Amino acid sequence: MELLQLKYFLAAAEYQHITKAAEHLQIAQPALSQAIHRLESELGVPLFERKNRSIELNDSGRFFQQRLLPLINDLDRTIEELQCGKEQATHTIRLRLLSASALITNRIIAFRALRPDVNFQLYQSYQTTDPHAESDYDLCVTARRSDFASADRNHATVMLEEDLYLAVPSDSPYGKEQSIRLADTRHAGYICLAGSRPIRQITNSYFLELGFSPHIIFESDTTETVRNLIAAGMGIGFWPQYSWGPLPTQWESQTEDSPVRLLPISDLKCRRQIVLMRSEQGKSKPVVQEFCDFLVNNLEWM
């Protein structure tokens, strides 16, 4: 007994006319008649009463139809749900977001305006900065030192490259300077993002090169907290050129009235790349590449 036979039977039972049922199924009339005969033979009971060109369900046929209809309907729904699930999976981007979270969130909103059929699942785990350590993502947004980038150039797409400044309170000893040497800040109080964030790993490597550990007075998981504490005059901290978004309005003029100044770092080349890394699963999804292209080609705010 085959599923196709059962569907043929239900069509014949609905129309109770072999010719009309065959036309509905888009098969030849003899093929439908033979399928019905084989089904009756396998079941061991007749299902129809034949009356010239028409047919009529008998008691066995009506019983079989009543039991079969919900089973076939459930099966059809299950197949549809499986197909919908597959379609949704191909239009869902599992995004592991380790850097530039505010920027990428804004880019997701802009991308969804163009592709409302695409969904995103965001993961912001900072247990490790190695984007290959987990495989439950399609795309990982992370960061690396620009001068360390050549080793894995073939495994990442550079979204943007930016300088890292030092943000200092205007009324601090550094507030009147035009640039700053990182080596001169060994006794300053630093306000930093948490130690597992990529930017923290990058800045730690600068301190290691200069041979000192920074005096960290506050750590936070959010850029908003870091910049607000710096603006309140509580310490100094690194500030990316682009990826944290535009400067707050009161910082933009860099005048004496501004609470914060952004100073270029003169004794080291402090520059990083925001990179997009696709997993093996992500490489098989065209929508992931489409989103990567969108991120790289839509940086008009820079």
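Rules of the game
- Residues numbered from 1 in each chain as written.
- Predicted model: local features only at pLDDT ≥ 70, side-chain atom pairs only at ≥ 80, totals over all residues.
- Heavy atoms only, no water.
- Buried < 20%, exposed > 50% of the residue type's maximum accessible area, 1.4 Å probe, protein only.
- Helix = DSSP H or I, 4+ residues; strand = E, 2+ residues; numbered from the N terminus.
- Arc of directions from axis to C-beta.
- Contact = heavy atoms within 4.5 Å.
- Axes fitted to C-alpha atoms, helices over the stretch in contact; angles between N-to-C directions.
- Parallel < 35°, antiparallel > 145°, perpendicular 65-115°, else oblique.
- Nonpolar A, V, L, I, M, F, W, Y, C, P; charged D, E, K, R; others polar.
- Phe/Tyr/Trp six-rings, centres within 6.5 Å; stacked < 30°, edge-to-face > 60°.
- Pairing = 2+ DSSP bridges.
- Right-handed = clockwise from strand over helix to strand, strands pointing away.
- Core = buried A, V, L, I, M, F, W, Y, C linked by side-chain atoms within 4.5 Å.
- Salt bridge = Lys/Arg side-chain N within 4 Å of Asp/Glu carboxyl O.
- 1 Å grid on protein atoms, 1.4 Å probe; cavity = no way out; pocket = protein on both sides within 12 Å on 5 of 7 lines; lining within 4 Å.
- Points joined across faces, edges and corners; volume = space filled by probe spheres on them.

Engineer: Just give me the short version of helix 7 (residues 223–231), but keep the residues and values in it.
Structural biologist: Taken together, the buried positions of helix 7 are occupied by T223, V226, L229 and I230. The buried residues of helix 7 all sit within an arc of 135 degrees when viewed along its axis, so they share a single face. Looking at the residues trailing helix 7, positive phi occurs at G233, about 80 degrees.

Engineer: Which residues make up the side chain of Q65, and what values go with them?
Structural biologist: In this structure, Q65 sits in helix 4 (residues 59–90). For Q65, a relative accessible area of 19% corresponds to the buried category. Once residues within four sequence positions are removed from consideration, Q65 is found in contact with F9, L10, A13, E14 and L57.

Engineer: Go over the packing of helix 1 (residues 3–15) against helix 3 (residues 29–43), please, and point to the residues and values.
Structural biologist: Running from N to C, helix 1 and helix 3 cross one another at 110 degrees; their axes reach a closest spacing of 9 Å. Classed by the angle they form, the pair helix 1 and helix 3 counts as roughly perpendicular. The segment helix 1 lies against helix 3, with Q5, L6, Y8, F9 and A12 engaging L32, A35, I36, R38, L39 and E42. Residues of the contact of helix 1 with helix 3, tallied by class, amount to 8 nonpolar, 1 polar and 2 charged.

Engineer: Tell me about the packing of aromatic side chains, residues and numbers included.
Structural biologist: Applying the stated criterion across every chain yields a total of 12 aromatic pairs. Summarising the aromatic geometry, the rings of F111 and F120 are spaced 6.2 Å apart at their centres and angled 80 degrees between planes, so their arrangement reads as edge-to-face. Both residues of the pair, F111 and F120, count as buried. Measuring from ring centre to ring centre gives 6.5 Å for Y206 and F238, while their planes differ by 40 degrees; the resulting arrangement is tilted. Residue Y206 is found in helix 6 (residues 198–210), and its partner F238 is found in strand 9 (residues 237–240); the two are separated by 32 residues along the sequence. Take Y206 and F238: they sit in the same class, and that class is buried. By the ring-pair criterion, three or more aromatic residues cluster together here, those being Y190, Y206, F207, F212 and F238.

Engineer: An account of the pairing of strand 7 (residues 189–193) is needed here, citing residue identities and associated values.
Structural biologist: A large share of strand 7 lies buried, amounting to 5 of its 5 residues. Pairing of strand 7 with strand 8 (residues 215–220) involves 5 bridges; the strand directions are parallel. Residue C192 lies in a different strand from strand 8, and its bridge partner there is E219. For the segment spanning strand 7, helix 6 and strand 8, crossover handedness is right-handed.

Engineer: Could you give me a rundown of the nonpolar core, with the residues and numbers involved?
Structural biologist: Of all hydrophobic cores here, the largest spans 55 residues; its most connected members are I104, M159, L166, L182, F238 and F291. Look past the residues within four positions of F238 in its chain and what remains in contact with it is L164, Y165, L166, L182, Y190, T203, Y206, F207, W244 and I265. Within the second largest apolar cluster, 20 residues are counted, among which are A12, A13, I36 and L47.

Engineer: Break down the pattern of salt bridges for me, with residues and values.
Structural biologist: Using the criterion set out here, one finds 14 salt bridges in the structure. For E290, the salt bridge is made with R115, and the minimal N-O distance between the two is 2.6 Å. A residue pair is termed long-range when its members are at least 10 positions apart, and E290 in helix 10 (residues 286–297) and R115 in the loop between helix 5 (101–114) and strand 4 (119–123) qualify at 175 residues. In this structure, the salt-bridge partner of K285 is D138, at a minimum N-O distance of 3.0 Å. With a gap of 147 residues between them, K285 in the loop between helix 9 (280–283) and helix 10 and D138 in the loop between strand 4 and strand 5 (139–145) connect regions that are remote in the sequence. A relative accessible area of 16% means that K285 is categorised as buried. A relative accessible area of 0% means that D138 is categorised as buried. Among the ionic contacts, a cluster of salt bridges with common partners joins R94, D138 and K285.

Engineer: Quick rundown of empty space enclosed by the protein? Include the residues and the values.
Structural biologist: Following the criterion strictly, the structure yields 2 cavities of 30 Å³ or more and no others. Computed from the structure, the largest cavity encloses a volume of approximately 100 Å³. Lining of the largest cavity is provided by 13 residues; of these, A100, S101, R197, T223 and W244 occupy positions nearest its centre. Contributing elements (two or more residues each) for the lining of the largest cavity: helix 5 and helix 6. Each residue belonging to the lining of the largest cavity can be placed in one class, and the counts come to 7 nonpolar, 4 polar and 2 charged. Taken as a whole, the second largest cavity encloses approximately 80 Å³ of empty space. Every residue lining the second largest cavity is listed: I191, C192, L193, I199, R200, T203, V226, F238 and W244. Considering only residue class, the lining of the second largest cavity consists of 7 nonpolar, 1 polar and 1 charged.

Engineer: Please set out unusual backbone geometry residue by residue, giving values where relevant.
Structural biologist: Positive phi values are uncommon outside glycine, yet Q26 reaches one of about 60 degrees. By the secondary structure assignment, Q26 is in the loop between helix 2 (18–25) and helix 3. The exposure class of Q26 is exposed, given its relative accessible area of 73%. The phi torsion at A100 lies on the positive side, around 55 degrees, for a residue other than glycine. With respect to the secondary-structure elements, A100 resides in the loop between strand 3 (92–97) and helix 5. Exposure remark for A100: the relative accessible area of 5% places this residue in the buried category.

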